[in-house]
Amino acid sequence: MTGLKLESGQFAVIHIETATGILLNLDGARNLGTEIEYLVFTEIDKAVEYAQNKVDAEPDIECIVYDSDFSPIVVFQNGLVPNWIRHSMR
């Protein structure tokens, strides 16, 4: 993902509409070509907790947690076990 910036040790959570794969803004609206909106966390555990709670509360979305290089760490989807892409982060 280009244009996104995080400091070392920060983590981002991005929201996606599960049915379509469309990125969502933080207000839940579809992101149709605007700058990508994401939440920033300084602790992986806080990012993971937020993502799990968000998907539990809104089952039509998925959340992906990224590291400071915007490499995906874990994907949360409703009803599925979290898909840990990089286990060493936990």
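The following paragraphs examine the structure supplied in this document.

Thresholds, definitions, all that
Starting afresh in each chain, residues are numbered from 1 along the sequence in its written order. With the structure being a predicted model, the display of local features is reserved for residues of pLDDT at least 70 and the display and counting of side-chain atom pairs for 80 or more, all residues being used for whole-chain, interface and lining totals. Side-chain measures here rest on the full set of heavy atoms in the structure, leaving out hydrogens and waters. Take a side-chain nitrogen of Lys or Arg and a carboxyl oxygen of Asp or Glu: if they are within 4 Å of each other, that pair is a salt bridge. Counting from the N terminus, the helices are the DSSP runs of H or I reaching at least four residues and the strands are the DSSP runs of E reaching at least two. Polar contact is the term for a pair of N or O atoms within 3.5 Å; when the atoms are in protein, one must be able to donate a hydrogen and the other to accept it, and sequence-neighboring residues count only if both atoms are side-chain atoms. We call a residue buried when its accessible area falls under 20% of the maximum for its residue type, exposed when it is over 50%, and partly exposed in between, using a 1.4 Å probe and counting protein chains only. For two strands to be treated as a pair, DSSP must find at least two bridges joining them. Classification of ring pairs rests on two measures: the distance between centres of Phe, Tyr or Trp rings, Trp counted by its six-membered ring, which must be within 6.5 Å, and the angle between planes, read as stacked under 30 degrees, edge-to-face over 60 and tilted in between.

### A look at the pattern of salt bridges
- Applying the stated rule across the entire model yields two salt bridges.
- Where arginine 30 meets glutamate 17, a salt bridge forms, and the shortest distance between an N and an O atom there is 2.8 Å. You can see arginine 30 sitting in the loop between strand S2 (23-24) and strand S3 (39-41) and its partner glutamate 17 sitting in strand S1 (residues 11-17), a full 13 residues away along the chain.

### Topic: the side chain of aspartate 67
- Counting through the fold element by element, aspartate 67 comes out in the loop between strand S4 (61-66) and strand S5 (72-76).
- At 2.9 Å, the side chain of aspartate 67 and the backbone nitrogen of aspartate 69 are in polar contact.

### Some words on the environment of serine 71
- The topology assignment puts serine 71 in the loop between S4 and S5.
- Spatially, the C-alpha atoms of serine 71 and glycine 21 are 18 Å apart, while their sequence positions differ by 50 residues.

### What to know about the pairing of S1
- Among the seven residues that make up S1, seven are buried, leaving the element largely enclosed by the rest of the structure.
- Of the two faces of S1, both are covered, the one formed by Phe11, Val13, His15 and Glu17 as well as the one formed by Ala12, Ile14 and Ile16.
- Direction of pairing for S1 relative to S4: antiparallel, over a ladder of six bridges. Within S4, the residue paired with isoleucine 16 across the bridge is glutamate 62.
- Taken together, the two bridges between S1 and S2 define a ladder with antiparallel strand orientation. Looking at the pairing, isoleucine 16 lines up with leucine 23 of S2.

### Notes on the packing of aromatic side chains
- All chains considered together, the criterion is met by three aromatic pairs.
- Centre to centre, the rings of tyrosine 66 and phenylalanine 70 are 5.8 Å apart; their planes meet at 40°, and the pair counts as tilted. Of the two residues examined, tyrosine 66 and phenylalanine 70, each falls in the buried class.
- Pairwise contacts between aromatic rings join Tyr38, Tyr66 and Phe70 into one cluster.

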